[in-house]
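Spelled out, the chains give:
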Amino acid sequence: MRTCRDERVSGFRSDVEAAIPALRRYARALTRDAETADDLVQDTLVRALRSEHLFHGGDVRSWLYTILTNLNRNRLRSLARRPVMTVIDDDDAPDMSGPEAGSRDIERALASLVEDQRAALLLVVLEGLTYREVAEVQGVPVGTVMSRLARARAQIKAFLDGERPALRRVK
Amino acid sequence: MTDPDVPVTEAELHAYVDGELAADRRPAVEAWLAEHPDDMARVTAWRALADAIRARYGAVATEPVPARLSLRQIERAGRSWRGWAAAATVAAFLLGGAAGWGAHAFTERSASAAARSTAEAVDAYKLYVVEVRHPVEVPGSEEAHLTQWLSRRVGYELRIPDLSPVGLKLVGGRLLPGPRGAAAFFMYEGQSGERFTLYSTRAGGPDSALRYNDDGKVGALYWADGDVAYVVNGEANRERLHKVAESVYAQIERSPGR
């Protein structure tokens, strides 16, 4: 009983460990800030180790993406509750346009997205998850994932075309 | 869907770019793109976007992992992180996204232990929360006595959380029969007279993250830590109940000896 559990635990542990580089990549793109991203990964790992008893099989990686995505959404929500001073750069048009846009434009283009759209896009194009896996991570139907992707791409195109970002729509 | 004459949808274009399109539909999409330069331009732009994102962030995964993210380090820091992790568990629960994982992961044993404790707590809540003159046995003004007495009866060290940060004052507590021996029951009251209760007893099941349920009137949040289960009850206002539970959770996690 004991050894069986230990084997399962060590398998879980090594699966978590193997996912760390990818989690860092996803978090970096999600937050566009190295420090915040690693904080998020650390928080995700703490919670994963602590909540291991809630994990009964399945894909550890998807589970970790789920935790991280939720923690980030919560982080943004609590940031939104706090009054913050932001610089409004209305005429902050991209330096370049078109698909060859520089890395700074990619960051700003991602920043122009609604959080759920950004997460969906990154999970697909950066992390290589299937639509079905993203649906599980985000806790929504596959059709919702597809529409988030479509909106994300349309928004980024508009952004890179130098248009004013379209009015953000919720969900 | 395999008919090449069926017009290609935008969804299919995305699926094509993302490698999600059924193989038998691919020739039709490619034929379509050859004849629709606008769509071809979109597909090209989406691919370029994916390439740009990968070019910008792909290398992060090959960077050495900072020491603070090593599992050994995180486990060593485990104890001091407990309070944080508790908050994170609450946070993830608040968002609901992780609830699915938690829910399907529950064993029957823990589910029934949770269900029993929750049911007992809800019954106690319904019975005493309407009580005007005698809602509790020992008033909150005798908190030290209440703590000592109930700790002795339940057989583990209790700590009565201070819920003034969430606008609640301790009314007092009482001893109740629980599913596995004695249970401690505390009542709190808000400014507009709304009442919340905290119920604690032996868990009889494994650790568990927060589980919410309500019957439309009474809301309950259950969790178990070590061998101790907690249930917070109040009106079925999920958000408010979470705030209260979060405060209880954080203080219990920080208490010594547990």
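Residues numbered from 1 in each chain as written. Chains lettered and ligands numbered in written order. Predicted model: local features only at pLDDT ≥ 70, side-chain atom pairs only at ≥ 80, totals over all residues.

K.L.:
Before we move on, could you go through the overall build of chain B and cite the residues and values that matter?
P.N.:
Across its full length, chain B carries nine helices and seven strands. Buried residues in chain B amount to 34% of all 258 residues. (Helix = DSSP H or I, 4+ residues; strand = E, 2+ residues; numbered from the N terminus. Buried ≥ 20, exposed ≤ 12 C-beta atoms within 10 Å, placed from the backbone.)

K.L.:
Would you mind going over the overall build of chain A in detail, with residue names and values included?
P.N.:
A tally of regular secondary structure across chain A gives seven helices and zero strands. Listed by position from the N terminus, the elements making up chain A come as α-α-α-α-α-α-α. Sorting the 171 residues of chain A into buried and exposed places 42% on the buried side. Long-range pairs, those at least 24 residues apart, make up 63% of the contacts in chain A between residues at least 6 apart in sequence. (Contact = placed C-beta atoms within 7 Å.)

K.L.:
Describe the packing of helix α6 (residues 131-138) of chain A against helix α7 (residues 142-160) of chain A, with residues and values.
P.N.:
Residues and elements named next belong to chain A. Running from N to C, α6 and α7 point in directions that differ by 100°, and their axes come no closer than 8 Å. In terms of their interaxial angle, α6 and α7 are classed as roughly perpendicular. Residues Y131, R132, V134, A135 and Q138 of α6 touch α7, and the partners they reach there are V142, V145 and M146. Taken together, the residues of the contact of α6 with α7 sort by class into six nonpolar, one polar and one charged. (Axes fitted to C-alpha atoms, helices over the stretch in contact; angles between N-to-C directions. Parallel < 35°, antiparallel > 145°, perpendicular 65-115°, else oblique. Nonpolar A, V, L, I, M, F, W, Y, C, P; charged D, E, K, R; others polar.)

K.L.:
How would you sum up the environment of L68 of chain A? Please name residues and give values.
P.N.:
All names here are of chain A. Residue placement: L68 occurs in helix α3 (residues 60-81). Here L68 falls in the buried class, since 27 other C-beta atoms lie within 10 Å of it. On a C-alpha basis, the gap between L68 and V41 in space is 6.9 Å, while along the polypeptide they are 27 residues apart. With near-sequence residues (within four places) excluded, L68 lies in contact with L23, Y26, A27, L40, V41 and T44.

K.L.:
Lay out the nonpolar core with the relevant residues and their values.
P.N.:
Formed by 52 residues in total, the largest nonpolar core has its most connected members in Y26, L64, L68, A120, L122 and L123 of chain A. Every residue in contact with A120 of chain A, bar those within four places of it in the chain, is listed here: V134, Q138, V145, R148, L149 and A152 of chain A. Residues L168, A183, F186 and A229 of chain B belong to the second largest nonpolar core, which totals 44 residues. (Core = buried A, V, L, I, M, F, W, Y, C linked by C-beta atoms within 7 Å.)

K.L.:
Before we move on, can you summarise the pairing of strand β5 (residues 208-214) of chain B with the specific residues and values?
P.N.:
Residue and element names in this part refer to chain B. One ladder, built from five bridges, connects β5 with strand β6 (residues 218-225); its direction is antiparallel. Residue R211 lies in a different strand from β6, and its bridge partner there is Y222. What sits between β5 and β6 in their antiparallel hairpin is a turn of three residues, with G216 showing a positive phi close to 95°. (Pairing = 2+ DSSP bridges.)

K.L.:
Tell me about the confidence of the model for chain A, residues and numbers included.
P.N.:
Residues and elements named next belong to chain A. Summarising the model, chain A shows a mean pLDDT of 80, and 74% of its residues fall at 70 or more. Ranking the elements of chain A by mean pLDDT puts helix α1 (residues 2-31) last with 81 and helix α5 (residues 115-125) first with 97. The model gives residues 84-101 a pLDDT under 50, and that stretch makes 24 contacts with residues more than four places away or in other chains. Low pLDDT (under 50) marks residues 164-171, which in the prediction has seven contacts with non-local residues, meaning those over four places away or in another chain. (pLDDT = per-residue confidence, 0-100.)

K.L.:
Tell me what's going on with the environment of R68 of chain B, and back it up with residues and numbers.
P.N.:
Of note, R68 of chain B is situated in the loop between α3 (37-57) and α4 (71-76). Residue contacts for R68 of chain B: discarding those within four places in its chain leaves Q42 of chain A together with Q73 of chain B.

K.L.:
So, the packing of α5 of chain A against α6 of chain A: which residues are in play, and what are the values?
P.N.:
Residues and elements named next belong to chain A. The contact between α5 and α6 brings their axes to 10 Å, and the two run at 140°. The angle between α5 and α6 falls in the class oblique. When the axes of α5 and α6 are compared, the crossing they make is right-handed. When α5 is examined against α6, the residues D116, A119, A120, L123 and V124 are found in contact with a partner set consisting of V134, V137 and Q138. Of the residues assigned to the contact of α5 with α6, the class counts are six nonpolar, one polar and one charged. (Left-handed = near helix turned anticlockwise from the far one by under 90°.)

K.L.:
Tell me about the environment of D227 of chain B, residues and numbers included.
P.N.:
Residue and element names in this part refer to chain B. The topology assignment puts D227 in the loop between β6 and β7 (228-235). Among the residues examined, D227 registers 15 C-beta atoms within 10 Å and is labelled partly exposed. D227 sits 22 residues away from G205 along the chain, and the two C-alpha atoms are 7.3 Å apart.

K.L.:
Tell me about the pairing of strand β3 (residues 181-190) of chain B, and name the residues and values.
P.N.:
Residues and elements named next belong to chain B. Two strands pair when backbone bridges link them, and strand β2 (residues 168-178) and β3 are joined in this way by ten bridges, in the antiparallel orientation. In the sheet register, L176 faces β3, and the bridge partner there is A183. Hairpin remark: β2 followed by β3, antiparallel, with two residues in the connecting loop. Judged from the six bridges that link them, β3 and strand β4 (residues 195-202) form a sheet pairing that is antiparallel. Paired with M187 across the two strands is T197, which belongs to β4. Here β3 folds back onto β4 in antiparallel fashion, the turn holding four residues, of which G193 has a positive phi close to 85°.

K.L.:
Any details on the sheet that holds β3 of chain B? Residues and values, ideally.
P.N.:
By way of backbone hydrogen bonds, the strands of a sheet pair with one another, either parallel or antiparallel. All names here are of chain B. Spatial ordering of the open sheet is given by β1-β2-β3-β4-β7-β6-β5, a layout of seven strands whose pairing is antiparallel. In this open sheet, the two edge strands, each paired with only one partner strand, are β1 (138-139) and β5. Along the sheet, helix α8 (residues 143-154) makes contact with β1, β2, β3 and β4, crossing β2 at roughly 25°.

K.L.:
Account for the confidence of the model for chain B, naming residues and giving values.
P.N.:
Residue and element names in this part refer to chain B. Mean pLDDT for chain B: 82, with 82% of residues reaching 70 or above. Taken together, the stretch residues 79-85 has pLDDT below 50 and engages in nine contacts with residues farther than four places along the chain or on a different chain. With pLDDT under 50 throughout, residues 94-109 is counted as low confidence; its partners more than four residues away or in other chains account for 28 contacts. Interface scoring of the predicted complex returns ipTM 0.81; its pTM is 0.54.

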